[in-house]
Amino acid sequence: MKIAGARGITPSRVPLIAMLALAATIGLAGCEGDNGNDGASGPTGPVGPVGPTGPTGPTVPPVVGIDDGGPVTIGDGSTLTAEQIEQIGGLVATLDSAAITGNKAVIEFTVKTAHGGPVLDLAASTLRLAVAKLVPAQGGLPSRWQSYFNRDGTPSIASPALAKTVQATTETGAAAGWKPLGAGKYQYTSARDLTTVTTPIAVSYEPSLTHRVSIAIQLAGEAEPLAPDNPFKDFVPAGGAVSKDKLIAATENCAACHVRFGEHGGPRRTVEYCVVCHNPASIDPDAGESVDMAYMAHSIHVGLEDRTKPYVVYGFGGIKYDFSEVTYPQPTAFCETCHTKSDSMPQGDDWKAYPSAAACGGCHAKGLTKTGPSATTGLYTYKYQHANTQLASIVFDDGTCADCHRASGVAGDILESHKQVEDRQAIEQGDLFTYKIIKVENAEVGKAPKVTFQILGSDGKALNVKAITTGRLRLDFAWTTQDIHNVADVAGAKYAVDRGETLQIDLLVAANKDAIIDNLDGTFSYTLASVLPAGFKSDALGTGLMVALEGRRQMEDGSEAYPESAFAFAGGAARDKLVEQDKCEDCHKRLAIHGGSRAGDPMMCVVCHNSSAGGKWWDDEDDDGVRDPGEVGDYGPLALGAFIHNLHNSKVPAMTETVTYPQNPARCEGCHVDGQDAAYFTARVGALPLTVDAGTDLEDGPEALSASDDLADSATAGTCKGCHDTGPALSHMAANGAAFGVAKQLAPSSSTEACAVCHGKGRAVDTAEAHAEAVREAAE
C-alpha cells in the first residue's frame, strides 16, 4: 500500500521525530519521583515557530547505459527511484533449466531488463517458486495439477463455510539455496524435500510423472509492476519426454481482453503459473468455494448468467471478492475463445473429450452439488443433477459425464451441443450470409438516392431479396459524411426523424418491397421516394451520404442469424475510420447489437449514434414502431465515441449493471486504429457538438423534431469526459475552450477547443504518452 506524502518527510525532521521518541522512552524508564500526587496541568504554552527545512537528501542517480542494454542492480527493488523504474521498463525472465536433484527442485534462470541488460544482485527474497506434479486422468476425471507446496487455509471472517481447507502456495526464495551465477543468471535449490510432504496433506513424490516448475519475481514497493511474465518448464524427473502436460488455455488468449495479468500484487502474469496453485485441492475456507483455475475462471466469467448465486471468495484480511457484477462480452458457449489447440497449447481441445462436473460446473452451476473436502486429498467430491425433466430425478457422479457427453453418446458431441446455444448459433449462422452495397447513386441535393445491393447465401449465390418475408431487412440513410448528424433542413433546424435518428427504410414492408427493383443479375435497387433537401449540403456541415444495409435473418427452423451489416459512402468523402472491428471482436466475438440486427464493423453504428443523438431516447426494443413507456430512457450522449466511452466506464444510466470492462480504459489502442492521431488527440476537424440533452420535447409530431432546445458538449471534451469526468478535469477542459451543456449549434466545435495545444502528438502532455503513464500508475 502506498502512503501519500511518505517521501515528503525532509531529512531535518526525521532526527527530530527520533529524539522525541527517545525522550519519551527516557521519561518512562529513567528517574523515579517520590510518588506524590500530580499537580494540576499548567496552561499550554504558545506554539513555537516552524524550524527551517533541512537540506534535500541525496537521490539515487539514473542507471547509466540501461537504454543500451547495460546492467542494472536491483536488490529487492525497494531502493529504486521512480525514474529508474521507468528507465528499466520491465523485467524479462527465462527459466533455463529445471530438475529434481537430491529430491529438491534445482533451477537456473536469467533475468534481464526490457532493454536486454542483465539484472544484478537480485535478492533471493524476490523469488516465488511453484512446483507441482500432474496427476493422471482416472475414474473418468481429467488430469490435474497437485502442488507440493501447500498450507492450511484458515478462515478470515466470523462465520466461514469451512473451519479449515488446503491451499496451494509457493516457496519464497531463501539465501541458503540462492546462488548468483553472474550476468543476470541465478541458481536456486528449493528448501522443500519433495519426498517428505506430509502436511497439510500428503503429496507423494512420483518422478515418473510430468512435473512443472514455474517462477515469479516479486519486487518490493513501487517496483512491483516491473515483474516479468512467469517462465515455466514441464519435465519428467525420472527422464524421458513429456507425453501429457495439460496445456489447455493460452495466456495470449486471455490477453485479447485482459491485455496482461498482474494478480496478487503483480507478479502472477501467466496461466501456466497460476494453475500450479489454482488446482482442485485449493479451496477458500470462508466462502467454501474452489479456486481451481477451471472452476474459478468459468464461474467468474459466467457471472450470474447460469448461477443461482454469485461466485464469491475472500482474500487476506477477510476482503470479499464478489464477482456477480462481472459481465462477459460474448456468448459463454464459445469455449474456443480460451481453449484452442495450437503448437503451444497441445491440449487446447481437451474440453471436448474430458468433461467434468468440477470444470464445466463453473458455467453450468445450476445442478452442481459437492461434499467434502476430503481431509486426505483436500478435494471436493462433485455431483450433477440436470434440469430437464427426463433426467431431473438422476444425480450423476463426477467422472461419468463423458459417458453421455461425447460424439457417440446420448447427449452428443460437446462442441456440437455448444453450437446449439442460441446466441452462439445466431453469430455462426450469420456467416452464412454476405450483405453488399454495390453502389449508391444520386447522392446530391434535389435528387433521390438510389441504392443497389445484394445478399449472398452460404453457396455464394444471390438471394431473392423480394422473397424474404421473415427477420428484418432495412436500409439506413444518414448524412453528412464530414460528421453524421441527420439534419435535413439547416435553416429551420428540423430533424428528418426523431433526434438525429437515421432515415430508415424497412424493406419487408409491402410498399417498400414493391419499390425494390430486381436487376436480374442477382442485385436489387431501391430509390428513396423523396429527393435530398437543400440542407443536405452546406459549407459548415459538408455533404455526402452514408447508407447501411442491415438486419437479422430467420432460418427455416425458426432460429436466427446475425449477418454483418454493409455500409457505403457517396457524394462526399468517407468518414474517418477511428476504431478497428477486429479489436472490438477480440472481446465481443461479433458486435451484434439491437437483437442482432446491426452487426459487424462499428462504423455502421454512426448512422444512429451520431452527433445529434442523445438525452432522452426512444429505443424500440420490440421493433413494433410503437413508443412504449418502458422504451424511453435517459442515455446521455449517444454519439458513438462518447457513448462507448461512457458504456465501458459503466456510466450509461440504463446499462450500468450490464457492462464491465476487462482492461484499463486508459489503453486507447484497445479499440482505436493504430497510428490514427485524430483518434487520440482531438476530435476530427469537422466534428459537431454532441447532443447531451434532447430538451423537453419528446412527443410525436413536429415538436419531437426540434433541435432549438437541445443542449450539447463540444466534440473533443464531450468524448473525453466519458473517462475524465471529475470536477477539476471538467474545469480544466472548460478553461481551454470546451463547452458543456450549452445551446446546440450546428457548426464544428473543434476550432473552439485548444486541447491539441498541450495534448497533441509530441506536445508537453502528449495524449498517448499520458495514457501510457496512466496505465503504468494503475498497475502500481
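Here, the structure is the one placed above.
Residues numbered from 1 in each chain as written. Predicted model: local features only at pLDDT ≥ 70, side-chain atom pairs only at ≥ 80, totals over all residues. Heavy atoms only, no water.

Caption draft 1: Molecular detail of the pattern of salt bridges. One pass over the full model with this rule turns up 21 salt bridges. Between Glu 560 and Arg 552 there is a salt bridge; the shortest N-O distance is 3.4 Å. Glu 560 sits in the partly exposed class, given a relative accessible area of 29%. Note on Arg 552: relative accessible area 14%, which makes it buried. One salt bridge connects Asp 725 with Lys 651, and the closest N-O pair in it is separated by 2.9 Å. One end of the pair, Asp 725, is in the loop between helix H14 (715-720) and helix H15 (727-735); the other, Lys 651, is in the loop between helix H12 (640-648) and helix H13 (677-680), with 74 residues separating them in the sequence. With a relative accessible area of 37%, Asp 725 lands in the partly exposed category. Under the relative-accessibility criterion, Lys 651 is labelled partly exposed at 29%. When salt bridges with common partners are traced through the structure, they connect Glu 336, Arg 424 and Glu 428 into a single cluster. (Salt bridge = Lys/Arg side-chain N within 4 Å of Asp/Glu carboxyl O. Buried < 20%, exposed > 50% of the residue type's maximum accessible area, 1.4 Å probe, protein only. Helix = DSSP H or I, 4+ residues; strand = E, 2+ residues; numbered from the N terminus.)

Caption draft 2: Representation of the nonpolar core. If you look at the biggest cluster of nonpolar residues, it comprises 39 residues, and the most contacted ones within it are Ile 74, Ile 107, Phe 109, Leu 122 and Leu 129. Mapped by element, the contributors of at least two residues to this core are helix H2 (82-88), strand E2 (91-101), strand E3 (104-113), strand E5 (127-135), strand E11 (185-189) and strand E12 (211-217). When residues of this core are assigned to their parent elements, the largest contribution, 5 residues, is made by E2. Apart from the residues lying within four places of it in its own chain, the contact partners of Phe 109 are Thr 94, Leu 95, Asp 96, Leu 122, Leu 127, Trp 178, Gly 184, Lys 185, Tyr 186, Tyr 188, Ile 215 and Ile 217. (Core = buried A, V, L, I, M, F, W, Y, C linked by side-chain atoms within 4.5 Å. Contact = heavy atoms within 4.5 Å.)

Caption draft 3: Just the sheet that holds E3, in detail. Spatial strand order, E2-E3-E11-E10: 4 strands in an open sheet with antiparallel pairing. Pairing within the sheet leaves two strands with one partner each, and these edge strands are E2 and strand E10 (178-182). Neighbour-to-neighbour, the strand axes of this sheet turn through a mean angle of 20 degrees, independent of strand direction. (Pairing = 2+ DSSP bridges. Axes fitted to C-alpha atoms, helices over the stretch in contact; angles between N-to-C directions.)

Caption draft 4: The side chain of Lys 133, seen in detail. Structurally, Lys 133 is set in strand E5. Lys 133 sits in the buried class, given a relative accessible area of 5%. A polar side-chain atom of Lys 133 sits 2.6 Å from the main-chain carbonyl oxygen of Ser 204. Here Glu 206 takes part through its side chain, which lies 2.7 Å from a polar atom of the side chain of Lys 133. Setting aside its immediate chain neighbours within four residues, Lys 133 contacts Arg 144, Trp 145, Gln 146, Tyr 148, Val 203, Ser 204, Glu 206, Leu 209, Thr 210 and His 211. (Polar contact = N/O pair within 3.5 Å; in protein donor to acceptor, adjacent residues only side chain to side chain.)

Geometric values such as these leave the question of function open.
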